[in-house]
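# A structural walkthrough
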Amino acid sequence: MAQDLHDVLDEYFRSEEEGGNTVQDLFIIGFSEYNEALDTELHKNLILQDVDKGGLFNMLDPRKSIDPVRNKAEFDRRYDRFIASLAQRYEDVHAMQDGGALHQLSLWRGALDIHPTKSKEEICQDLLATDHAGFDKLGCISIVLLKDLCQSMKADVEEYAPGTCKEDDNKATVIIAVLCSIVGAGVLGGLTYYMYIRYVNYVRIQQAHEQLMEATLNESVRALYQLDYPLHLIRGDEFVEEGKLMRHEVLRNTHKLTVLDSLPDVDAFVAAGKHVLFFSHQWTSFTVPDPSSHQYECMCHAVKDLAMRNGWGESLKDVFVWVDYSCIPQANPSTQNLAIRSLAAYASSATYFVIVAPDTPHADLDDICDLDTYQRRMWCRAEQVCHSMRNGTEGMYLAVGKNVAVEPVRRDFFAESLHVFNGELTCCRLEHKGMGACDRQSLVIPLLGLYGELLRASHEMEREIGNADAIHSVNAFLSEIEKHQEEVFPRTFKRTMWRKNRRLTEEVLLFGDLIDRMKARISSGVGFEIDKESVGTLSTKASETFVRHGASDFLRHGVVHGSGAHGGVQIESAVGAMDNKL
């Protein structure tokens, strides 16, 4: 068990130099619950808890906090208590999952593709030989038959359960005699057994694949209702006063960020008369987003222009801006990855979406960054699609200069953007050196969920009378997707990687048959509503709750995020690093 855990952790935390991917997420049922348990016990109950309540920090006088050097004995006692509490919390999470801890361990190994591949039986056999306590703790006695292991692991079986193999010793001579008399039949039996094992493994792989596909569909639905990291916004007047794009940590430390913790909070924020502008742009340097400030000036002009057109007032105090460099953590990779994982939700939740693409020289390349280069970037296309698939294109604008009025995008602007996976990626340009996955894989779950939501909107509208504009807009999206489904949602893609100084190109599964599965699920009316008690999926219901703050032509498209839509959601792999927007 210890070695399996070591293998899992070693694989998961490999550095980029060792072939790891620092932004790779682990697609495993229960992952968010494990993280929540660790966060609660480590931060809330130990590090940040008051000394009087069993923590390490003295809120009244930090000098009296528990010091691991000066107060070693007390620190060790509290640390041991933290370890015991965390272990119990993990046991509780194990108990919540089908198959318990052993099944979870098996899923982790499979998700990380740890070799050699081991079945649950093989894991239990390893524990029988090395860790009896782990064997008992994982309930392996119900997985393997000790008598069946007497021939291959007799010493280990006898050490664990003395006397189990004595009867087998008496039968050994008889078994040898019988085997010698049927050598010919044994060869045929061996071949039959080999074919049977192959068949069993095939069935097992098929079942695992089915479970993974269903889990992916469920995750794509539930991801629509959760932010992995709160939405951070900067008020319009303060954004304009800064004079340039400011780093997230600077704005945070000067208390200039407005934080919305959940999607229901975002909806309430918009309902209160606030306007959220999502600025989508490309970085014009490898290290900073806008060294020339051309894009910042264009953004400021867009804020003022939209405020004047819509009568929001010159104070800009009801206007809030989202832009990556200011609203996504830059210093802490862990929180940065969580925020990037929520990028699809940020873009789809904004009331206005502004494409910022003035002609700007790239500081590190001999290139001009403009609307054409912007539109070629995969992440820029993804942001557009995440907004337009939920809100339509009515709230989308184009800003190409500080002295040029912002213009609404064409109503068919989404057609090119839909081809997200034809866009360019930095990770692909670098041929994934030191990376474990391609950024394309990180977009499967959010785009699958948005497609399912769009498809369900169409089915709901077919049963209603009126709302012709909304029906036309939704069906325009679906028609474009239907005509180019293999390009919009590729089943596989070619990935070039470097392993042991060798350049390899392999075909990797992307959407597979997930789109067909989602169509079947929506057509059958099974599994798209969110169960507010358990955040599970229920049958499709009437669509009174299917209204969003989006454009009028998408009035029936989108979701009002009810207060009960919360809970553990994880995404298959994290969104790529920020430099992938270069």
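What you see is a predicted model, and the numbers here were worked out from it, not measured in a lab.

Thresholds applied
Residues numbered from 1 in each chain as written. Predicted model: local features only at pLDDT ≥ 70, side-chain atom pairs only at ≥ 80, totals over all residues. Heavy atoms only, no water. Helix = DSSP H or I, 4+ residues; strand = E, 2+ residues; numbered from the N terminus. Contact = heavy atoms within 4.5 Å. Areas by Shrake-Rupley, 256 points an atom, 1.4 Å probe, with all protein chains shown as cover. 1 Å grid on protein atoms, 1.4 Å probe; cavity = no way out; pocket = protein on both sides within 12 Å on 5 of 7 lines; lining within 4 Å. Points joined across faces, edges and corners; volume = space filled by probe spheres on them. Core = buried A, V, L, I, M, F, W, Y, C linked by side-chain atoms within 4.5 Å. Buried < 20%, exposed > 50% of the residue type's maximum accessible area, 1.4 Å probe, protein only. Patch = residues over 30% accessible without salt bridge, like charges linked within 9 Å, V, L, I, M, F, W, Y side chains within 5 Å. Salt bridge = Lys/Arg side-chain N within 4 Å of Asp/Glu carboxyl O. Pairing = 2+ DSSP bridges. pLDDT = per-residue confidence, 0-100. Arc of directions from axis to C-beta. Axes fitted to C-alpha atoms, helices over the stretch in contact; angles between N-to-C directions. Parallel < 35°, antiparallel > 145°, perpendicular 65-115°, else oblique. Left-handed = near helix turned anticlockwise from the far one by under 90°. Nonpolar A, V, L, I, M, F, W, Y, C, P; charged D, E, K, R; others polar. Phe/Tyr/Trp six-rings, centres within 6.5 Å; stacked < 30°, edge-to-face > 60°. Lys NZ or Arg CZ within 6 Å of the ring centre and 35° of its normal.

To continue, consider the overall build of the protein chain. Along the backbone of the protein chain there are 25 helices and 13 strands. Pairs at least 24 residues apart make up 69% of the contacts formed inside the protein chain by residues separated by at least 6 positions. Approximately 28,500 Å² of the protein chain is accessible, and the part contributed by carbon and sulfur atoms is 54%.

A full pass over the atoms with the stated rule returns five cavities of 30 Å³ or more. A volume near 60 Å³ is recorded for the second largest cavity. Secondary structure elements with two or more residues in the lining of the second largest cavity: α16 (343–349) and α18 (378–391). At four residues, the largest contribution of residues to the lining of the second largest cavity is made by α18.

So, on to the nonpolar core. Trp322, Tyr346, Met389, Leu447, Tyr451 and Phe511 are the most contacted members of the largest nonpolar core, which has 75 residues in total. Look past the residues within four positions of Trp322 in its chain and what remains in contact with it is Leu231, His232, Leu233, Leu277, Phe278, Phe279, Cys327, Ile328, Leu343 and Tyr346. Residues Leu251, Tyr296, Trp312 and Val354 belong to the second largest nonpolar core, which totals 29 residues.

A contiguous nonpolar surface patch, about 320 Å² in accessible area, is contributed by Ile175, Val178, Leu179 and Ile182. Position of Val178 relative to the elements: it lies in helix α8 (residues 166–181). Among the residues examined, Val178 registers a relative accessible area of 42% and is labelled partly exposed.

Glancing now at the pairing of strand β11 (residues 502–509). With eight bridges connecting them, strand β10 (residues 492–499) and β11 associate as antiparallel partners. Residue Arg499 lies in a different strand from β11, and its bridge partner there is Arg502. Hairpin connection of β10 to β11: two residues between the antiparallel strands, including Lys500 at a positive phi of 50°.

Within the structure shown, the criterion is met by 27 salt bridges. Across the pair Glu210 and Arg517 runs a salt bridge whose closest N-O atoms are separated by 2.8 Å. Placement of Glu210 in helix α9 (residues 183–222) and of Arg517 in helix α25 (residues 514–524) is noted, with a sequence separation of 307 residues between them. A residue is classified by how much of its surface remains accessible, and Arg517, at 16% relative accessible area, is buried.

Considering every residue of the protein chain, the mean pLDDT works out to 79; 80% of them sit at 70 or more. Within the model, the stretch residues 531–582 combines pLDDT values under 50 with 189 contacts to residues more than four positions away or in other chains.

Turn by turn, an α-helix covers 3.6 residues, leaving residues three or four places apart pointing in a common direction. By the burial criterion, the buried members of helix α5 (residues 120–130) are Ile123, Cys124, Leu127 and Leu128. Along the axis of α5, the buried residues cluster in a sector spanning 140°; they form a single face.

What follows deals with helix α12 (residues 263–271). Those residues of α12 that fall on the buried side of the exposure criterion are Leu263, Pro264, Val266, Asp267, Phe269 and Val270. Against β1 (231–235), β2 (257–260), β3 (275–280), β4 (319–322) and α16 lie the buried residues of α12. Of the residues one or two after α12, Gly273 is the one with positive phi, at around 95°.

Moving on, we come to the packing of α9 against α25. For any two helices packed against each other, one specifies the crossing angle of their axes together with the interaxial distance. Between α9 and α25, the shortest axis-to-axis distance is 11 Å and the interhelical angle comes to 65°. Here α9 is positioned roughly perpendicular relative to α25, judged by the angle of their axes. The two elements α9 and α25 meet at a crossing, and its hand is right-handed. Along the contact surface, α9 presents His209, Glu210, Met213, Glu214, Thr216, Leu217, Asn218, Ser220 and Val221, while α25 presents Leu514, Arg517, Met518 and Arg521. Grouping the amino acids of the contact of α9 with α25 by side-chain chemistry returns five nonpolar, four polar and four charged.

Bringing the packing of aromatic side chains into the picture now. In this structure the tally under the stated criterion is 15 aromatic pairs. Between the aromatic rings of Phe421 and Phe511, the centroid separation amounts to 5.5 Å while the plane-to-plane angle is 85°, which identifies the pairing as edge-to-face. Of this pair, Phe421 sits in the loop between α19 (414–417) and α20 (426–429) while Phe511 is found in the loop between β11 and α25, placing the two residues 90 residues apart along the sequence. There is no split in this pair, since Phe421 and Phe511 are both buried. An aromatic cluster is present here, built from Phe278, Trp322, Tyr346 and Phe353 joined pairwise through their rings. One Lys or Arg, Lys433, reaches over the ring of Trp498 and ends 5.1 Å from the middle of that ring.

Attention now goes to the sheet that holds β1. Strand order in the open sheet formed by seven strands is β2-β1-β4-β3-β5-β8-β9, with mixed pairing between adjacent strands. Each having just a single partner strand, β2 and β9 (407–408) make up the two edges of the open sheet. On top of the sheet, α18 reaches β3, β5 (352–356) and β8 (396–399); it is set at about 160° to β5, its chief contact.

With that settled, the discussion passes to the environment of Pro289. The residue Pro289 is located in the loop between β3 and α13 (294–310) in this model. Spatially, the C-alpha atom of Pro289 lies 8.0 Å from that of Leu245, the residues being 44 residues apart in sequence. In contact with Pro289, not counting residues within four places along its chain, are Leu245, His281, Gln282, Trp283, Thr284, Gln295 and Tyr325.

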